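Chains, contacts and geometry: an overview
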Amino acid sequence: MPNAKCILLVEDSSDDVFFFRRAARKAGIQDEIHVAPDGAKAVDFFAAGGICPSGGEHPPRLVFLDLKMPHMNGFDVLEWMRNNPKYAGVPIVVLTSSDHPSDQEKAARLGARLYLTKPITKEQLHDAITRFGI
């Protein structure tokens, strides 16, 4: 599938990756889900060109980003992406266990398009993906 696009999930918990993939499958999402296991790996992925393995020449069409991760947190990744013109327009959905209003405000200020708390349902995942018309 040379023109296939993917979704990047930046998540350090293997359990949360499993549940995200299951919700995506149940929601009928056909995209490849590429996983970066921490914030530093996500930045490395984008710094190396940001092309998903089966994504052809396309960057991820959507990024789901955890906030609490080792090496580099989600806020740092969000800020890095928004400061890089090539990726500034990629929609980012924060997907985290934190429901603190200060985290929600900071994520919005840094350019997150949506803020969801874990666990995510198949309906929330489907809505998040279709919300951006992608």
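This report concerns the structure included in the present document. Only a predicted model underlies this, so the values are computations on that prediction, with no experimental measurement involved.

Basis of the calculations
- Residues numbered from 1 in each chain as written.
- Predicted model: local features only at pLDDT ≥ 70, side-chain atom pairs only at ≥ 80, totals over all residues.
- Heavy atoms only, no water.
- Helix = DSSP H or I, 4+ residues; strand = E, 2+ residues; numbered from the N terminus.
- Rg over C-alpha atoms; globule rule 2.2 N^0.38 Å.
- Buried < 20%, exposed > 50% of the residue type's maximum accessible area, 1.4 Å probe, protein only.
- Contact = heavy atoms within 4.5 Å.
- Areas by Shrake-Rupley, 256 points an atom, 1.4 Å probe, with all protein chains shown as cover.
- Lys, Arg positive; Asp, Glu negative; His and termini not counted.
- Charge placed at Lys NZ, Arg CZ, Asp CG, Glu CD.
- Pairing = 2+ DSSP bridges.
- Axes fitted to C-alpha atoms, helices over the stretch in contact; angles between N-to-C directions.
- Arc of directions from axis to C-beta.
- Polar contact = N/O pair within 3.5 Å; in protein donor to acceptor, adjacent residues only side chain to side chain.
- Patch = residues over 30% accessible without salt bridge, like charges linked within 9 Å, V, L, I, M, F, W, Y side chains within 5 Å.
- Salt bridge = Lys/Arg side-chain N within 4 Å of Asp/Glu carboxyl O.

Re the overall build of the protein chain
Helix and strand counts for the protein chain stand at five helices and five strands. Ordered by position from the N terminus, the helices and strands of the protein chain form the series β-α-β-α-β-α-β-α-β-α. Taking 14 Å as the expected radius of gyration for a compact globule of 134 residues, we find that the protein chain reaches 14 Å, a close match to that expectation. Viewed in the frame of its principal axes, the protein chain has a C-alpha envelope of about 40 × 30 × 25 Å. The proportion of buried residues among the 134 residues of the protein chain is 46%. Here the analysis covers contacts within the protein chain between residues at least 6 apart in sequence; of these, 64% occur between residues at least 24 apart. Put simply, the protein chain shows about 6900 Å² of open surface, and 51% of that area lies on carbon and sulfur atoms. Computed over 16 positive and 17 negative side-chain charges, the separation of the two mean positions in the protein chain equals 5 Å.

Re the sheet that holds strand β4 (residues 92–96)
Within the open sheet, the five strands sit side by side as β2-β1-β3-β4-β5. Their pairing is parallel. For this open sheet the edge positions go to β2 (32–36) and β5 (114–117), each flanked by a neighbour on one side alone. Strand-to-strand twist of the sheet, defined as the mean angle between neighbouring strand axes without regard to direction, takes the value 20°. Here four bridges tie β4 to β5, and the two strands are oriented parallel to one another. Each residue of the ladder has a partner; that of Val94, found in β5, is Tyr115.

Quick word on helix α2 (residues 39–47)
Looking only at α2, the buried set comprises Gly39, Ala42, Val43, Phe45 and Phe46. Summarising the axial view, the buried residues of α2 lie within an arc of 155°, below the 170-degree limit, and thus occupy one face. The inward-facing, buried residues of α2 contact β1 (6–10), β2, β3 (62–65) and α3 (74–82). Where α2 begins, the capping side chain belongs to Asp38, and its oxygen is found 3.0 Å from the backbone nitrogen of Ala40.

With respect to a positive patch on the surface
Together, Arg22, Arg25, Lys26 and Lys122 give the surface a local cluster of positive charge. Mapped onto the elements, Lys26 comes out in helix α1 (residues 14–26).

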